[in-house]
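Results of the structural survey
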Amino acid sequence: SKVEDVRALGADVVLAGRPGTEGWAELMASIADSADVVVDNVGGEGFPGMLDALRRGGRYVTSGAIAGPIVGLDLRTMYLRDLRLLGCTAWDAAVFPNLVALLERGALRPVVSR
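Now for a description of the structure that goes with this document. These numbers come from a predicted model, not from an experiment. (Residues numbered from 1 in each chain as written. Predicted model: local features only at pLDDT ≥ 70, side-chain atom pairs only at ≥ 80, totals over all residues. Heavy atoms only, no water.)

**Observations concerning the packing of aromatic side chains**
- Using the criterion set out here, one finds 1 aromatic pair in the structure.
- Each ring, one from F47 and one from Y60, has its centre 5.1 Å from the other, and the planes form 85 degrees; the classification is edge-to-face. Residue F47 is located in helix α3 (residues 47-53), and its partner Y60 is located in strand β2 (residues 54-62); the two are separated by 13 residues in the primary sequence. Of the two residues examined, F47 and Y60, each falls in the buried class. (Phe/Tyr/Trp six-rings, centres within 6.5 Å; stacked < 30°, edge-to-face > 60°. Helix = DSSP H or I, 4+ residues; strand = E, 2+ residues; numbered from the N terminus. Buried < 20%, exposed > 50% of the residue type's maximum accessible area, 1.4 Å probe, protein only.)

Pasting the structure below:
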């Protein structure tokens, strides 16, 4: 499974699930107020749970919205917990050529899953 593959790469904790599926609410409740950073490339209906997973002063980072671009945000959640929301879609011009060079030299070996 993908979860086992990620564990084999050295992850200490692997969380997997989708909003609305069995066990999702319990999973999100178990990680509430526990993360310094959440990287979420999905968005959609899972967004509020991602914010709830953050500790006070935590950072939410996204570069995608494949589950939906429109999300609900209670501004009090953000300012009362001192959260930072970051979005990114681009990188410095040198990043992609440097990445390709690393791949060509064999310095990086990407893991591909089906």
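**Brief notes about a nonpolar patch on the surface**
- Residues W91, V95, F96, L99, L103 and L108 make up a contiguous nonpolar surface patch of about 570 Å² in total accessible area.
- When you line up the elements, L108 lands in the segment after α5 (95-105). (Patch = residues over 30% accessible without salt bridge, like charges linked within 9 Å, V, L, I, M, F, W, Y side chains within 5 Å. Areas by Shrake-Rupley, 256 points an atom, 1.4 Å probe, with all protein chains shown as cover. Salt bridge = Lys/Arg side-chain N within 4 Å of Asp/Glu carboxyl O.)

**Some details on the nonpolar core**
- Ranked by internal contacts, the top residues of the largest apolar core, which has 13 residues, are W24, M28, V38, M50, L51, L54 and Y60.
- Among the secondary structure elements, those contributing two or more residues to this core are α2 (24-30), β1 (35-39), α3 and β2.
- The dominant element in this core, judged by the number of residues it contributes, is α3, at 4 residues.
- With residues near it in sequence (within four places) discarded, L51 still touches Y60, L73, T77, R81, L83 and L85. (Core = buried A, V, L, I, M, F, W, Y, C linked by side-chain atoms within 4.5 Å. Contact = heavy atoms within 4.5 Å.)

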